Amino acid sequence: IDLCDKEGAPVSRVLKAGIVKYDQSKEEIREGLDDAFLFEVPLLEEFMGPLTALVQVVPLLGLLGSLVGFMRIFQVVASRTTAGLAVTVADVAPGIWQVLLPAAAGFCVVVPLLLAHHYFHGRIQFLTREIEASASDLLNTLLERRGTL
């Protein structure tokens, strides 16, 4: 128990919940492990919500900036043609720049966020499986030591 307290990791907290119920029934030990597991997993996933939101919102902000650039281009084209003037590359270049810049910035931001999201999601899945396996092993070990497997 002291080692579990010292470690302070999610797996050690789940295992401690089973160890402290050593002298109880198999169902009570399992319930303790399950309750601790159900408490720990949301803590592992806690920061994923904001990260997921950023991964979803950043491309939309880039798209919004691009739409504003397109609106600028169409406004220039409309005003030039209404005045009977030719539209030149110099007239639409600022709008094209305004279309491309937010799209590029959006990619520069979202790609690292997406990589981080995938990394952390994978780590959470790995840790969840490790906790489940360790809890199962602990339950079997406790029951073997008591001779009630």
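Up top is the structure these notes are about.
Keep in mind that this is a model prediction, so the values were computed, not measured. (Residues numbered from 1 in each chain as written. Predicted model: local features only at pLDDT ≥ 70, side-chain atom pairs only at ≥ 80, totals over all residues. Heavy atoms only, no water.)

Caption draft 1: How the structure looks around the side chain of E40. Mapped onto the secondary structure, E40 falls in helix 3 (residues 26-45). Among the polar contacts listed, one links the side chain of E40 to the side chain of R13, at a separation of 2.7 Å. Aside from chain neighbours lying at most four places away, what touches E40 is P10, R13 and V14. (Helix = DSSP H or I, 4+ residues; strand = E, 2+ residues; numbered from the N terminus. Polar contact = N/O pair within 3.5 Å; in protein donor to acceptor, adjacent residues only side chain to side chain. Contact = heavy atoms within 4.5 Å.)

Caption draft 2: Main features of the packing of aromatic side chains. Enumeration according to the criterion identifies two aromatic pairs in this entry. Aromatic pair F47 and F120: ring centres 5.0 Å apart, planes at 85 degrees, arrangement edge-to-face. Here F47 is found in the loop between helix 3 and helix 4 (48-82), whereas its partner F120 is found in helix 5 (residues 89-146), with 73 residues between them in sequence. For F47, a relative accessible area of 36% puts it in the partly exposed group. Judged by centre distance (5.2 Å) and plane angle (70 degrees), the ring pair of Y119 and F120 falls under edge-to-face. Among the aromatic side chains, those forming a connected cluster through ring pairs are F47, Y119 and F120. (Phe/Tyr/Trp six-rings, centres within 6.5 Å; stacked < 30°, edge-to-face > 60°. Buried < 20%, exposed > 50% of the residue type's maximum accessible area, 1.4 Å probe, protein only.)

Caption draft 3: Quick peek at helix 3. Spanning 20 residues, helix 3 covers 29 Å between terminal C-alpha atoms, matching the ideal 28 Å at 1.5 Å per step. Those residues of helix 3 lying buried are I29, G32, L33, A36, F37, E40, V41 and L44. Down the axis of helix 3, the buried set is contained in an arc of 160 degrees. They therefore lie on one face. Exposed residues lying more than 90 degrees from the buried face of helix 3 are E27, L38 and F39. Its buried side turned inward, helix 3 meets helix 2 (10-19) and helix 5. (Expected span 1.5 Å × (residues − 1). Arc of directions from axis to C-beta.)

Caption draft 4: A look at a nonpolar patch on the surface. On the surface, L60, L63, L67, F70 and F74 cluster together into a nonpolar patch covering about 520 Å² of accessible area. Take L67: it is sitting in helix 4. L67 gets classed as partly exposed once you look at its relative accessible area, which sits at 42%. (Patch = residues over 30% accessible without salt bridge, like charges linked within 9 Å, V, L, I, M, F, W, Y side chains within 5 Å. Areas by Shrake-Rupley, 256 points an atom, 1.4 Å probe, with all protein chains shown as cover. Salt bridge = Lys/Arg side-chain N within 4 Å of Asp/Glu carboxyl O.)

Caption draft 5: Quick peek at helix 4. Here helix 4 is 35 residues long and its end C-alpha atoms lie 51 Å apart, about the 51 Å a rise of 1.5 Å per residue gives. Along helix 4, the residues that are buried comprise M48, L51, V55, V58, G62, G65, S66, G69 and I73. Packed against the buried residues of helix 4 are helix 3 and helix 5.

Caption draft 6: Region of the structure containing the packing of helix 2 against helix 5. Contact geometry for helix 2 and helix 5: axes closest at 10 Å, N-to-C directions at 25 degrees. Considering the angle they form, helix 2 stands roughly parallel to helix 5. Note that helix 2 runs across helix 5; the crossing there is right-handed. Two secondary-structure elements touch here, helix 2 through P10, V11, V14, L15, G18 and I19 and helix 5 through I131, S134, A135, L138 and L142. Partitioned by chemical class, the residues of the contact of helix 2 with helix 5 number nine nonpolar, two polar and no charged. (Axes fitted to C-alpha atoms, helices over the stretch in contact; angles between N-to-C directions. Parallel < 35°, antiparallel > 145°, perpendicular 65-115°, else oblique. Left-handed = near helix turned anticlockwise from the far one by under 90°. Nonpolar A, V, L, I, M, F, W, Y, C, P; charged D, E, K, R; others polar.)

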